[in-house]
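Understanding the architecture of this molecule
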Amino acid sequence: MVTGGNSGIGFAIARRFLDEGAAVTIIGRSAGKGERARRALEEAVPGTRVRFAVADVRDREALRHAFDDAEHEHGTPTILACAAGVGVVQLVSRTDLADWEWVMGTNVTGTLLAAQLLMPRMAAAGGGAIVTIGSDAAVNGERLIGAYSVSKAAVVMLTKLLALDGAPDGIRANCICPTYVEPGMSDFPDRISGHDAGDVPEIAPLPPLGRYGWPEDVAALAAFLASDDAQFVSGATVALDGAMTAGIPAYDADEVARAQRIARRLLR
Ligand SMILES: NC(=O)c1ccc[n+]([C@@H]2O[C@H](COP(=O)([O-])OP(=O)(O)OC[C@H]3O[C@@H](n4cnc5c(N)ncnc54)[C@H](OP(=O)(O)O)[C@@H]3O)[C@@H](O)[C@H]2O)c1
């Protein structure tokens, strides 16, 4: 089951899971987008089993229907990837309640509901794997996307607690925290001032490894975390960010000289 599997990171995860031989159901709100994605996945990996179900992850009943239908056709879902996510470009101190509830409802409650609905089925099937998507913003809060940062920090903790709750039933849960992944999220409307692709470096500085993330990077890690190779990995928060959150980035020589001048002045 891949929520948000109709676009970007979720689409890449769905494609990778199909490559690995899984039967996949992708979930999203838009019927047109979802059906186009389903066809694209079927063409990309011919002969595979892929379904699309319309559901808003904030709607427990709609999700339950989607999971029931998937189970009917594909058998008990034992892998859940939660990639549905939205954000708002706004300082947390100025975020209005509707935006806050939209972001928290989708990113946190949506992940919780999907896990709550599938964990009993996974337990009955002898175990399963949950992969959630956090963000580097969960580690180093990003002012311009305040509510989003808070929601992703909550996803990190939610995942740890799901790992504890699921452990007795053989259910593992792990969170991937990517930095900016090209081409960015579709549901990240600008609420400050006309940000566009050209502003990306301002919002998301280039990671030390020298490039932004690709959806396929996330898909590869998700495939590992969902696989038996990761059978002892649970409750982990895995940075996928080209060393973005490893520490303060290296300074160039000019910056070091400037820092030394400031330090000397302060010590005088
Ligand atoms: N791209 C990045 O730079 C980046 C970095 C770090 C983390 N992430 C996280 O990675 C995940 C995927 O991001 P992405 O870049 O792939 O975004 P994306 O291309 O916008 O895909 C997210 C998908 O989620 C679906 N969705 C949104 N709200 C939903 C809801 N309430 N119920 C069901 N589906 C919903 C959307 O489909 P519908 O419109 O059809 O519902 C959309 O296609 C998100 O959790 C995001 O926070 C992204």
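Since this is a predicted model, take the numbers as computed values, not measurements. (Residues numbered from 1 in each chain as written. Predicted model: local features only at pLDDT ≥ 70, side-chain atom pairs only at ≥ 80, totals over all residues.)

**Side note on the overall build of the protein chain**
Heads up, the rule is: Starting at the N terminus, helices and strands are each numbered in turn, a helix being any DSSP run of H or I of at least four residues and a strand any DSSP run of E of at least two. In this treatment the radius of gyration is a C-alpha quantity, and the globule benchmark scales as 2.2 Å times the residue count to the 0.38 power. Residues are called buried when their C-beta atom has 20 or more other C-beta atoms within 10 Å, exposed when it has 12 or fewer, and partly exposed otherwise; all C-beta atoms are positioned from the backbone.
On a plain count of helices and strands, the protein chain comes out with eight helices and seven strands. The C-alpha atoms of the protein chain give 20 Å as radius of gyration, which agrees with the globular expectation for 268 residues (18 Å, within 12%). Counting across all 268 residues of the protein chain, residues that qualify as buried make up 42%.

**Topic: the packing of helix 1 (residues 8–19) against helix 2 (residues 31–44)**
For any two helices packed against each other, the geometry is given by the interaxial angle and the distance between the axes. Short version of the rule: To get an axis, fit a line to the C-alpha atoms, keeping to the stretch in contact for a helix; angles then go from 0 to 180 degrees between the N-to-C directions. Note on convention: the crossing is left-handed when the near helix lies turned anticlockwise from the far helix by less than a right angle, right-handed when the turn is clockwise. Placing a C-beta atom from the backbone of each residue, one calls two residues in contact when those atoms lie within 7 Å. Residue classes follow a fixed rule: Ala, Val, Leu, Ile, Met, Phe, Trp, Tyr, Cys and Pro count as nonpolar, while Asp, Glu, Lys and Arg count as charged, and any other residue, Gly among them, counts as polar.
In contact at an axis separation of 10 Å, helix 1 and helix 2 are set at 35° when each is read in the N-to-C sense. The two elements helix 1 and helix 2 cross, and the hand of that crossing is right-handed. Contact residues: helix 1 offers Phe11, Ala14, Arg15 and Leu18, while helix 2 offers Ala37, Leu41 and Ala44. Here the residues of the contact of helix 1 with helix 2 sort into six nonpolar, no polar and one charged.

**Focus on unusual backbone geometry**
Note the cis peptide between Glu182 and Pro183, where omega equals 5°. Structurally, the position occupied by Pro183 is in the loop between strand 6 (171–178) and helix 6 (200–203). Although it is not a glycine, Ala243 sits at a positive phi angle of roughly 75°. With respect to the helices and strands, the residue Ala243 is situated in the loop between strand 7 (237–240) and helix 8 (253–267).

**Some details on the sheet that holds strand 5 (residues 128–133)**
The cut-off we apply is this: Strand pairing requires that DSSP identify at least two bridges connecting the strands.
The strand order 3-2-1-4-5-6-7 describes an open sheet built from seven strands, whose pairing is parallel. Both edges of this open sheet fall to strand 3 (50–54) and strand 7, since each of them pairs with a single strand only. Sheet analysis places strand 4 (residues 79–82) next to strand 5, joined by four bridges and oriented parallel. Each bridged residue has a counterpart across the sheet, and for Leu80 the counterpart in strand 5 is Ile130. In the packing of helix 2 onto the sheet, the strands contacted are strand 2 (24–28) and strand 3, and the crossing angle to strand 3 comes to about 175°. Where helix 5 (residues 146–166) meets the sheet, its contacts fall on strand 5, strand 6 and strand 7, and the angle it forms with strand 6 comes to roughly 165°.

**Considerations on the site of the ligand**
Spelled out, the test is: Put plainly, near means the residue's C-beta atom, positioned from the backbone, lies within 6 Å of the molecule or strand in question.
Around the ligand, the structure places 31 residues, and the nearest of them are Gly4, Gly8, Gly28, Arg29 and Gly85. The residue makeup of the shell around the ligand, split by class, is 11 nonpolar, 15 polar and five charged.

**Considering the confidence of the model for the protein chain**
Quick note on the threshold: One number per residue, pLDDT, summarises how confident the predictor is, and it ranges from 0 to 100.
Averaged over every residue, the pLDDT of the protein chain is 92; the share at 70 or more is 93%. Predicted confidence for residues 191–195 stays below pLDDT 50, and this span has eight contacts to residues more than four positions away or in other chains.

**A look at the packing of helix 3 (residues 60–74) against helix 4 (residues 97–124)**
Running from amino to carboxyl end, helix 3 crosses helix 4 at an angle of 35°, the nearest separation of the two axes being 10 Å. The handedness of the crossing between helix 3 and helix 4 comes out as right-handed. In contact with Arg60, Leu63, Arg64, Phe67 and Glu71 of helix 3, helix 4 contributes Leu113, Ala114, Leu117, Leu118 and Arg121. Of the residues contributing to the contact of helix 3 with helix 4, the split by class is six nonpolar, no polar and four charged.

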